[in-house]
Amino acid sequence: VRRHRLAHVPVSAKMRLGFHDDDLAEDCARAVEAGGADELVVHARTKAHGYKPPAYWERIADIKAAVRLPVVANGEIWNVDDARRCVAVSGCTDIMLGRGIVADPGLALAILFDQGLPTGGSAEPDWSSLQPLLGYFWQLILANVEPRARTGRMKQWLNYMRRRHPEAQEAYMQIRTLTDSRLVDPIVKSWCEGAPPCATQTQSASTISED
Ligand SMILES: Cc1cc2nc3c(=O)[nH]c(=O)nc-3n(C[C@H](O)[C@H](O)[C@H](O)COP(=O)(O)O)c2cc1C
């Protein structure tokens, strides 16, 4: 990738700590550096750990000490407090959010605000400003996801968001038992009533094909 990249296009790489164990983590990071990457993101778990907490942010500090390229910390950052602790333990000033920002789309802004960094004047989104995004997400699902997987995708996002937004729990319960996207469609529309981007972007139920 490094040899064939366009000029001035940065190449970033991402790694876990290892597969079965983290013994080779530093060696892998050095290899990434020697391969010419400009930046390295470290998801602070092995493949064997899956997504099981905790994330081993202290191992990111070890990796950071072993290479010169910028290292970005990733794993198990769900809120402002996690971000603070991850920065402190890993020694990284840059972090990557995964499921945390799916659960709370305002998390990046909250972290910037907490760290006294510029937020571009944006406020953290409340539920009413997230509702149009649910409509837009549903539109993307209808266009791109096979019928039998559609309602599952919407449930998956709501399932994450209910960690942070109680309204997502209510929305989740409304569609929990439904598997037919034609039945879910009017419910999604009802969530974003009065929110123009959602109302205009959502297909009508009669045009949704289930096959
Ligand atoms: C919606 C979503 C999409 C992701 N896509 C990728 C991807 O394309 N490549 C990748 O290496 N990791 C991907 N990940 C994994 C994350 O980058 C991250 O390493 C992982 O979720 C651990 O961070 P977390 O504990 O904060 O979720 C994705 C995660 C989520 C939630």
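Residues numbered from 1 in each chain as written. Predicted model: local features only at pLDDT ≥ 70, side-chain atom pairs only at ≥ 80, totals over all residues. Heavy atoms only, no water.

**Student:** Explanation requested: the overall build of the chain in the structure shown.
**Tutor:** Each helix and strand in the chain was counted, giving 10 helices and 4 strands. Ordering the α and β elements of the chain from the N terminus gives β-α-β-α-β-α-β-α-α-α-α-α-α-α. Along the three orthogonal principal directions, the C-alpha set of the chain runs to about 60 × 40 × 35 Å. Out of the 211 residues in the chain, the part that is buried amounts to 38%. For the chain, the share of sequence-separated contacts (at least 6 apart) that also reach a separation of at least 24 residues comes to 59%. Just so you have it, the chain exposes about 11900 Å², and 54% of that area is on carbon and sulfur atoms. (Helix = DSSP H or I, 4+ residues; strand = E, 2+ residues; numbered from the N terminus. Buried < 20%, exposed > 50% of the residue type's maximum accessible area, 1.4 Å probe, protein only. Contact = heavy atoms within 4.5 Å. Areas by Shrake-Rupley, 256 points an atom, 1.4 Å probe, with all protein chains shown as cover.)

**Student:** Explain the nonpolar core to me, please; I cannot follow it from the model alone.
**Tutor:** What tends to happen in soluble globular proteins is that the nonpolar side chains get buried as a cluster. In terms of nonpolar packing, the biggest core is built from 22 residues, with Met15, Leu40, Val42, Trp57, Ile60 and Ile63 touching the most fellow members. Contributions of two or more residues to this core are made by strand E1 (12-18), helix H1 (25-34), strand E2 (39-46), helix H2 (57-66), strand E3 (71-74), helix H3 (80-90) and helix H5 (107-114). If we ignore the near neighbours within four places in the chain, the residues touching Ile60 are Val42, Ala44, Val71, Ala73, Asn74, Ser90 and Cys92. In this structure, Ile141, Ala168, Ile187 and Val188 belong to the second largest nonpolar core, which totals 20 residues. (Core = buried A, V, L, I, M, F, W, Y, C linked by side-chain atoms within 4.5 Å.)

**Student:** What exactly am I supposed to notice about the side chain of Arg59 here?
**Tutor:** Its location among the elements puts Arg59 in helix H2. Here Asp22 takes part through its side chain, which lies 2.8 Å from a polar atom of the side chain of Arg59. Not counting chain neighbours up to four residues away, the residues in contact with Arg59 comprise Leu17, Asp22, Ala25 and Glu26. (Polar contact = N/O pair within 3.5 Å; in protein donor to acceptor, adjacent residues only side chain to side chain.)

**Student:** Can you help me understand the packing of helix H6 (residues 127-144) against helix H9 (residues 181-191) in this one?
**Tutor:** Relative orientation and spacing of two packed helices are given, respectively, by the angle between their axes and the distance between those axes. One can describe the packing of H6 onto H9 by two numbers: an axis separation of 9 Å at closest approach and a directional angle of 155°. Compared by their axis directions, H6 and H9 come out roughly antiparallel. Here the hand of the crossing between H6 and H9 comes out left-handed. Across the interface between the two elements, Gln131, Leu134, Gly135, Trp138 and Leu142 from H6 touch Ser181, Val184, Asp185, Val188 and Trp191 from H9. Class assignment of the residues belonging to the contact of H6 with H9 gives a composition of 6 nonpolar, 3 polar and 1 charged. (Axes fitted to C-alpha atoms, helices over the stretch in contact; angles between N-to-C directions. Parallel < 35°, antiparallel > 145°, perpendicular 65-115°, else oblique. Left-handed = near helix turned anticlockwise from the far one by under 90°. Nonpolar A, V, L, I, M, F, W, Y, C, P; charged D, E, K, R; others polar.)

Function-wise, these values are silent; they only describe arrangement.
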